Amino acid sequence: MNRVDPPTHLDRRLCWMIRTRAGLWLPFLIQLPTLTGPFVLDDLYMIRRIERFNDGELDHPALFEFIRTPEELRAQRDRTTFCWWLGAEGTTRFFRPLAEASFRVDYLCFERNVLGYRLVSLAWFVLALMLVRRLLTYAGAGPSAVELGTLVFGIAQAVAMPVGFISNRADLMVIVGVVTASIALRRAPSAANGVVAMRSALLLALLGYGFALCCKEAAAPLALVWLMHAWIERRRHTTWESRARWTFAVLALGVAVAYAIMYVSLGYGVYGPPQAGGSLIELIRDTALQAGLLLTVWMLGLPGLLAVIVEQRAIAWGMAAAAALIGLAFLSRARPLWRESSAFRFFALWAVCFSLPPLLATPEPRMLCVAGVGWAACLAQLLTSPAPRPGVFDRLLREWLIFANGAAAVGFGVGSVLYVQQAERRCQDHIRDYAAAAPRGIRDGDVLVVEQPRHMLELIVPGDRFEFVSGCDGVRLHYLTVDGVGNLTRRVEDERTILIASDSPRLFGSALHPRTAPDGESLRVGTRWENRDFSAEIAEMKGARVTALRFRFARPLAADGQFFHPPLGRGDTAD
């Protein structure tokens with residue numbers, strides 16, 4: 001596109017953004033409220049891992065290697081980092097040495113002072129914003145597209161969680177790396193600048209790409225972006241420019257292949273027990289639904305995760321279909337830009353290629369954090385393209401996309417971060433309430449058994465949260481059921497055994513449970529889970545629904561150092 005944007009129907013808003021440089025300061029102000037939040041979820045896990053390493057309990061903190069071996073999974077379950085129903089198979093390891101180093105440096109500087117960590121994450125966010133702005137400039141976008149693209153990226157709900165969730169900072173670091181590499185690519189010199197300048201740009205590009213890959217595996221698709229763009233543009237550049245772009249793309253592909261070989265050969269990734277495979281039609285259907293739910297973030301301004309939380313497939317398909325329709329309308333209006341603008345083609349490929357890995361994961365907005373750079377650039381170019389006589393539909397589409405990626409993005413993005421932070425405070429308060437019922441107070445090595453959590457997030461790293469809140473080492477926190485179980489009955493069968501029963505489908509009915517049955521088995525009466533403190537067994541089922549669970553404890557229920565909430569009383573006597 002031209003360096004000076006042509007007039008558009010958005011002139012007043014765009015002029016205000018350009019004049020005030022809103023693309024930089026407005027996202028920064030929007031993120032400031034997240035600075036007051038506590039450590040949340042995985043943050044607690046990482047803090048405790050570092051502290052155990054410093055105390056000599058671990059030989060390496062391995063912050064992103066959550067489960068390196070089945071034995072470590074069992075140890076994590078015994079420690080109650082994971083709940084008792086998690087199966088004893090599979091590994092979950094990620095190669096993120098630079099992201100881990102960043103967190104460990106934070107602990108060295110700030111220990112448990114959460115504000116320091118959050119300021120560092122905010123600094124990475126500001127750096128990412130500045131680099132995205134620079135990339136848009138080097139791509140040839142005019143002032144309006146540069147400002148609007150920077151703003152859309154900065155306020156995106158996909159970016160909010162990596163800024164407000166400290167352990168997700170790796171996504172911001174990836175953006176810094178891949179955008180730096182892409183700036184070097186866009187600055188690939190012409191023949192007039194000589195071979196030395198091209199080699200310098202190539203070195204910077206490979207360093208940026210390598211940095212991003214060492215932060216998180218989400219950086220890998222950049223090589224595919226470069227390769228596809230070089231192929232599409234092969235006839236539109238001079239021989240020198242084409243050669244430079246192909247050189248960048250091929251070397252980046254080599255780096256990506258070497259990285260993938262290393263990643264797999266060293267056992268990184270997520271591996272679980274064999275699962276029964278579905279038909280090809282089911283695979284296509286599920287992938288289409290996942291893609292639609294991811295699109296809702298950009299096309300509707302709604303997090304696709306909402307459909308997963310409410311567990312209503314009809315709602316999920318409705319959201320996906322609506323997002324797909326708006327996406328088709330966007331594509332129809334973007335076709336001229338695809339034909340005319342090399343920058344638009346580059347950023348469109350960026351948005352698509354970086355959206356492929358999230359198809360295999362839960363449709364959380366943050367999964368689109370890196371892809372959001374491409375989307376923000378494409379949307380900005382569409383909204384700032386000339387529209388001398390736009391029809392009603394065009395105006396409605398553009399205004400809707402502004403709303404979905406503006407007010408809605410801010411509301412759901414920052415709102416979700418503040419919700420998780422407030423929920424974490426509540427979870428910690430609940431644990432203090434549970435522990436307060438212990439007659440002699442909590443000491444190192446104690447076990448607290450809670451009938452059911454008051455909030456669903458309590459089930460994430462409960463043992464690490466208990467250690468963090470209580471200040472004691474080796475304490476364990478077990479939840480016997482999930483949250484929201486109604487009409488729950490508890491019966492003591494003998495001095496070591498408790499039976500929990502309910503007709504509620506949520507007794508063992510969350511989406512997680514069927515996926516974590518031991519060795520990939522289906523749930524049935526007699527299915528058992530073992531851990532350090534007790535064994536849990538399905539005692540009764542009605543159809544596919546678990547209605548009773550039996551817990552046999554390793555020690556007598558009244559043993560010192562083992563407490564129950566609610567406390568065992570007269571109503572819990574054995575038959």
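Not measured: the values here are computed from a predicted model.

**Student:** I would appreciate a short explanation of the pattern of salt bridges in the present structure.
**Tutor:** Oppositely charged side chains can form a pair if their charged atoms are brought close together. The final tally for this structure, using the stated rule, is 35 salt bridges. Residue Arg 48 pairs with Asp 473 through a salt bridge whose shortest N-O separation is 3.4 Å. With Arg 48 in helix H3 (residues 42-54) and Asp 473 in the loop between helix H20 (462-470) and strand E4 (476-479), this residue pair connects regions lying 425 residues apart in the sequence. The salt bridge partner of Glu 65 is Arg 93, with a shortest N-O separation of 3.1 Å. Residue Glu 65 is located in the loop between H3 and helix H4 (70-79), and its partner Arg 93 is located in strand E1 (residues 91-93); the two are separated by 28 residues in the primary sequence.

**Student:** For this particular structure, what's the right way to read the sheet that holds strand E5 (residues 489-494)?
**Tutor:** By definition, the strands of a sheet pair up through backbone hydrogen bonds, in either a parallel or an antiparallel sense. The sheet built from 5 strands is open, its strands ordered E5-E6-E9-E8-E7 with antiparallel pairing. Edge positions in the sheet fall to E5 and strand E7 (528-530), since each has one partner strand and no second. On average, each strand axis in the sheet is inclined to that of its neighbour by 20 degrees, with strand direction left out of account. By the bridge criterion, 5 bridges tie E5 to strand E6 (residues 497-501) in an arrangement that is antiparallel. Paired with Thr 489 across the bridge in E6 is Ala 501.

**Student:** Looking at this structure, how should I read the sheet that holds E4?
**Tutor:** What the 3 strands build is an open sheet, ordered E4-E3-E10; its pairing is parallel. A strand with exactly one partner marks an edge of an open sheet, and here the two such strands are E4 and strand E10 (562-565). In this sheet, neighbouring strand axes are inclined to one another by 20 degrees on average, regardless of whether the strands run parallel or antiparallel. Pairing geometry for strand E3 (residues 447-450) and E10, over 4 bridges, is parallel. Note that in E10 the partner of Val 447 across the bridge is Gln 562.

**Student:** Can you help me understand the layout of surface pockets in this one?
**Tutor:** Over the atoms, a rolling probe the size of a water molecule traces out where space has been left empty. One number sums up the size of the second largest pocket: a volume of about 620 Å³. If you list the elements that add at least two residues to the lining of the second largest pocket, you get helix H13 (280-299), helix H15 (313-340), helix H16 (342-353) and helix H17 (371-383). If you tally residues by element for the lining of the second largest pocket, the top one is H15, at 8 residues.

**Student:** Can you help me understand the packing of H15 against H16 in this one?
**Tutor:** When two helices pack together, their arrangement is given by the angle between the helix axes and the distance between those axes. Packing of H15 against H16 leaves a shortest axis separation of 6 Å and a crossing angle of 115 degrees. In this view, H15 runs roughly perpendicular relative to H16, as classed from their interaxial angle. Seen along the crossing, H15 lies across H16 with a hand that is left-handed. Of the residues in H16, those touching H15 at Ala 334, Leu 337, Trp 338, Arg 339 and Glu 340 are Ser 342, Phe 344, Arg 345, Ala 348 and Leu 349. Of the residues contributing to the contact of H15 with H16, the split by class is 6 nonpolar, 1 polar and 3 charged.

**Student:** Please explain the nonpolar core as it appears in this structure.
**Tutor:** What tends to happen in soluble globular proteins is that the nonpolar side chains get buried as a cluster. Counting 113 residues, the largest nonpolar core has Ile 175, Val 178, Val 179, Trp 226 and Trp 350 as its most contacted members. Take this core: its biggest share by element is 12 residues, from helix H9 (residues 170-186). Residues in contact with Val 178, not counting those within four places in the same chain, are Gly 208, Ala 212, Ala 219, Leu 222, Trp 350, Phe 354 and Val 370. One finds Val 475, Val 492, Leu 507 and Phe 534 within the second-largest nonpolar core, a separate group that totals 40 residues.

**Student:** Before we go on, may I ask you to explain unusual backbone geometry in this structure?
**Tutor:** Note: most peptide bonds trans; most residues except glycine with negative phi. Between His 565 and the following residue, Pro 566, the backbone shows a cis peptide bond with an omega angle of -5 degrees. Its identity as a non-glycine residue notwithstanding, Val 461 has a phi of 45 degrees, on the positive side. Along the chain, Val 461 falls in the loop between E3 and H20. Residue class for Val 461 comes out buried when judged on its relative accessible area of 5%.

**Student:** Looking at this model, I keep getting lost on a nonpolar patch on the surface. Mind explaining?
**Tutor:** Residues Leu 224, Met 228, Val 352 and Leu 356 make up a contiguous nonpolar surface patch of about 320 Å² in total accessible area. Along the chain, Met 228 turns up in helix H11 (residues 222-232). Given a relative accessible area of 34%, Met 228 falls into the partly exposed group.

**Student:** I would appreciate a short explanation of empty space enclosed by the protein in the present structure.
**Tutor:** Within this structure, the stated rule accounts for 4 cavities of 30 Å³ or more. Taken as a whole, the largest cavity holds about 80 Å³ of empty space. Ala 156, Gln 157, Trp 298, Trp 375 and Asn 405 are, among the 13 residues lining the largest cavity, the residues nearest its centre. Those elements giving two or more residues to the lining of the largest cavity turn out to be helix H7 (143-154), helix H8 (157-164), H13 and H17. In the lining of the largest cavity, the residues fall into 10 nonpolar, 3 polar and no charged. The computed volume of the second largest cavity comes to approximately 50 Å³. Taken together, Phe 64, Ala 99, Ser 102, Phe 103, Ile 166, Ser 167, Arg 169, Ala 170 and Met 173 form the lining of the second largest cavity. Looking at the lining of the second largest cavity, the elements with two or more residues in it are helix H5 (97-110) and H9. Top element by residues in the lining of the second largest cavity is H5. It accounts for 3 residues. Classifying every residue of the lining of the second largest cavity gives 6 nonpolar, 2 polar and 1 charged.

What counts, and where the lines are drawn
- Residues numbered from 1 in each chain as written.
- Predicted model: local features only at pLDDT ≥ 70, side-chain atom pairs only at ≥ 80, totals over all residues.
- Heavy atoms only, no water.
- Salt bridge = Lys/Arg side-chain N within 4 Å of Asp/Glu carboxyl O.
- Helix = DSSP H or I, 4+ residues; strand = E, 2+ residues; numbered from the N terminus.
- Pairing = 2+ DSSP bridges.
- Axes fitted to C-alpha atoms, helices over the stretch in contact; angles between N-to-C directions.
- 1 Å grid on protein atoms, 1.4 Å probe; cavity = no way out; pocket = protein on both sides within 12 Å on 5 of 7 lines; lining within 4 Å.
- Points joined across faces, edges and corners; volume = space filled by probe spheres on them.
- Parallel < 35°, antiparallel > 145°, perpendicular 65-115°, else oblique.
- Left-handed = near helix turned anticlockwise from the far one by under 90°.
- Contact = heavy atoms within 4.5 Å.
- Nonpolar A, V, L, I, M, F, W, Y, C, P; charged D, E, K, R; others polar.
- Core = buried A, V, L, I, M, F, W, Y, C linked by side-chain atoms within 4.5 Å.
- Buried < 20%, exposed > 50% of the residue type's maximum accessible area, 1.4 Å probe, protein only.
- Patch = residues over 30% accessible without salt bridge, like charges linked within 9 Å, V, L, I, M, F, W, Y side chains within 5 Å.
- Areas by Shrake-Rupley, 256 points an atom, 1.4 Å probe, with all protein chains shown as cover.

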